[in-house]
Amino acid sequence: MFQVSDNGCGMDNDDLNLCIKRHATSKIKTSNDLNNIKTMGFRGEALASISEISIMEIKTKSKENDVGNRVIFSSGNKKKSEQFNAQQGTSVKVENIFFNFPARKKFLKSERIESKHIVEEFKRVAIINNEINFICYENGKEIYNLKKTKLLNRILEINNLKINNNYVPVSEETSIVKISGYIAKPELAKKTRGEQYFFVNKRFFKSNYLSHAVKSAFKGLIDEKKIPTFYIIFEINPSQIDVNIHPNKIEIKFSDEKSIYSILRSAVKK
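In what follows, the accompanying structure is described.

### Looking at the pattern of salt bridges
Counted under the stated rule, the structure contains twelve salt bridges. Between R70 and E57 there is a salt bridge; the shortest N-O distance is 3.2 Å. Highlighted residues: R70 in strand β3 (residues 68-74) and E57 in strand β2 (residues 55-61), separated in sequence by 13 residues. Across the salt bridge formed by K123 and E120, the nearest N and O atoms sit 4.0 Å from each other. Of the two residues, K123 and E120 both sit in helix α4 (residues 111-128), three residues apart, roughly one turn of that helix. A relative accessible area of 15% means that K123 is categorised as buried. A relative accessible area of 21% places E120 in the partly exposed class. Several salt bridges share partner residues, and in doing so they unite E57, R70, K80, E82 and K93 into one network.

See the structure below:
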């Protein structure tokens, strides 16, 4: 079982029943919004897909409503819908994943590995949203309690570090892109991956191409077999990227990738 809760704006009952529909989205209101996506895409399939392979409960309350609402889905079917005395915000709880798809369930990794993946996703969200408080529990044990803070402090807390003199700020602003964040000093380079983070417009992504730009900037400073540690943030006009090229939204496409590569390499090297 896993659960994600927030104290955000919440939903009214109409939106609660709509959010579970396939292809439903609150991110697109006009055709112009298609070129101004600032989130994890807009296909609107996540909740619909999760509800079909699990037992899922959503509780939510908006500021405008006196009471909240709760719905429970099993195998994609609504089993219960009722008013609920909830706090403002939304909570999604998912249990018994793939209970109705045993052929898929056997492909799940061990509990330790799957838990590691969940915690890694938590870290990706928590790092870039350093102005928000985050708490993470694993098997009832609190493993992170992060208060809103500066980006560098959040990076240190996520990695359970006390000192910050091993991280160097990166900053570059051009007409194409604004780059900020931190890189670790060469002595912190490692033989394995794990502390390489790219964010664009406040969302995590992966790019072997841009990772090469960072590593090439370290040429002569670290062993060829080692990988530098970095937390790089890109701010760019949403119309200049495509966020819907990967099913898991892990990859994106820049319209001028070669220029981004050069600017990034120069910023890190400097």
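### A word on the sheet that holds strand β11 (residues 203-205)
Taken in spatial order, the five strands line up as β8-β9-β12-β10-β11 in an open sheet, and their pairing is mixed. Every interior strand has two partners, whereas the edge strands, β8 (167-173) and β11, have only one. Looking at each pair of strands side by side, their axes are set apart by 20° on average, direction ignored. In this sheet, strand β9 (residues 178-184) lies alongside β8 in antiparallel orientation, the contact comprising seven bridges. Its bridge partner lying in β9, V170 is registered against G181. Relative to the sheet, α4 contacts β10 (196-200), β11 and β12 (230-235), its axis offset from that of β10 by approximately 55°.

Here is what the cut-offs are and how they apply
- Residues numbered from 1 in each chain as written.
- Predicted model: local features only at pLDDT ≥ 70, side-chain atom pairs only at ≥ 80, totals over all residues.
- Heavy atoms only, no water.
- Salt bridge = Lys/Arg side-chain N within 4 Å of Asp/Glu carboxyl O.
- Helix = DSSP H or I, 4+ residues; strand = E, 2+ residues; numbered from the N terminus.
- Buried < 20%, exposed > 50% of the residue type's maximum accessible area, 1.4 Å probe, protein only.
- Pairing = 2+ DSSP bridges.
- Axes fitted to C-alpha atoms, helices over the stretch in contact; angles between N-to-C directions.
- Contact = heavy atoms within 4.5 Å.

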